[in-house]
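Descriptive structure summary
These are the residues of each chain, in order.
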Amino acid sequence: MPTLRQLRSYERWVSDQPDTERALTVDLTPGRIVIWGKAPFRVISLSDLNPGNWPTEYEEAWDAASRPDVASWKDRPMRLGVQRDTDAADPERSGIVPAHGQWVILPEHYSVCRSCGELPPCPEAFTDRIMAVESHRIDFEMRLVHGTCHGCGKPVSRRERSILFPGDNLIRPDLGANTAVFHTRQSCLPIALSYQDRWLAAEPGRAERISW
Ligand SMILES: [Zn+2]
Ligand SMILES: [Zn+2]
């Protein structure tokens, strides 16, 4: 059974590769393969940044955190040097990332799509997957009525755990305000999380109602 942390909005890309591991930036060592922007990169180098060279947003975050000890501060910026793993001609590149940033580590023998060479689900497969969900969803959403879960379409009873997103209903505006409700059971949660992404973007200042 997946844990809450493994569940996600169905529109969010997550690697299909089994046997991945997770690591913090500080624990990355040269030779490990990380997923960065949906692509596999081999770690070349990792170093702390001189405090004089910190990007402004890190300076500000450090001030806001009451200037903790830099060497042990989990959000201190580090420079991570990588090279695209599937392309030996790719130039080494680097990025500035927080010391406790989370990475997905690929096993040494990971899969790529035979057709396009990208990590699964590759862009084409991922688009197909989302379109299949969405074409079902459109028919389904037209049949929703007041008081039914917008994830599964069944009525939400008082005894069931559920979550209501206040404000306009972004799926069915015609049902009125404060009607977007979802069960929090596992089968309804990915749809609720997808709705939450839209709901957060719809109005500035909203905070997550489901954290994961
Ligand atoms: Zn492909
Ligand atoms: Zn439901």
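A short tour of the structure in this document, coming up. (Residues numbered from 1 in each chain as written. Chains lettered and ligands numbered in written order. Predicted model: local features only at pLDDT ≥ 70, side-chain atom pairs only at ≥ 80, totals over all residues. Heavy atoms only, no water.)

1. Description of the overall build of the protein
Rules: A helix here means a DSSP run of H or I that spans at least four residues, while a strand means a run of E at least two residues long, and both kinds are numbered starting from the N terminus. Radius of gyration means the value over C-alpha atoms here, while the globule rule gives 2.2 Å times the residue count to the 0.38 power. To sort residues, take the accessible area from a 1.4 Å probe on protein chains only and compare it with the maximum for the residue type: under 20% means buried, over 50% means exposed, and anything in between is partly exposed. In this analysis, two residues are considered to be in contact whenever any of their non-hydrogen atoms come within 4.5 Å of each other. Here the accessible surface of atoms and residues is derived via Shrake-Rupley with a 1.4 Å probe, and residues count as covered only by protein chains that are part of the display. Charge counting follows a simple rule: Lys and Arg are positive, Asp and Glu are negative, and His as well as the terminal groups are ignored. Think of each charge as sitting on NZ of Lys, CZ of Arg, CG of Asp or CD of Glu.
Each helix and strand counted, the protein has 3 helices and 8 strands in total. When its helices and strands are written in sequence order, the protein yields β-β-β-α-β-β-β-α-β-β-α. Taken against the 2.2 N^0.38 rule, which gives 17 Å for 212 residues, the C-alpha radius of gyration of the protein at 21 Å runs more than 25% over that of a compact globule. Principal axes of the C-alpha set define a box for the protein whose edges measure 55 × 50 × 30 Å. A burial count over the protein gives 35% of its 212 residues as buried. Partitioning the contacts of the protein with sequence separation of at least 6, the portion at a separation of at least 24 is 60%. For the protein, the accessible surface area stands at approximately 12,800 Å², while carbon and sulfur atoms represent 51% of it. In the protein, which carries 26 positive and 29 negative side-chain charges, the distance between the mean positions of the two groups comes to 8 Å.

2. Some remarks on the coordination of the zinc ion (ligand 1)
Operational definition: In this description, a donor is an N, O or S atom within 2.8 Å of the metal centre, a cutoff extended to 3.2 Å for sodium, potassium and calcium. Water is not part of the atom list, which can make sites seem incomplete.
Within the protein, the atoms that donate to the zinc ion (ligand 1) are Cys113 (SG), Cys116 (SG) and Cys122 (SG), at distances of 2.3 to 2.4 Å. Donor residues binding the zinc ion (ligand 1) come from one chain and are separated in sequence as C-x2-C-x5-C. With respect to class, Cys113 is no different from Cys122; both count as buried.

3. Details of the sheet that holds strand β2 (residues 33-36)
Operational definition: Strands were regarded as paired on the criterion that DSSP finds at least two bridges between them. Fitting a line to C-alpha atoms yields each axis, with helices limited to the stretch in contact; the angle taken between N-to-C directions then spans 0 to 180 degrees.
On the basis of which strands lie adjacent, the open sheet formed by 6 strands has the order β1-β6-β2-β3-β4-β5 and antiparallel pairing. A single partner strand is all that each edge strand has here, and the edge strands are β1 (21-24) and β5 (93-98). Pairwise comparison of adjacent strand axes, ignoring direction, gives a mean angle of 50° for this sheet.

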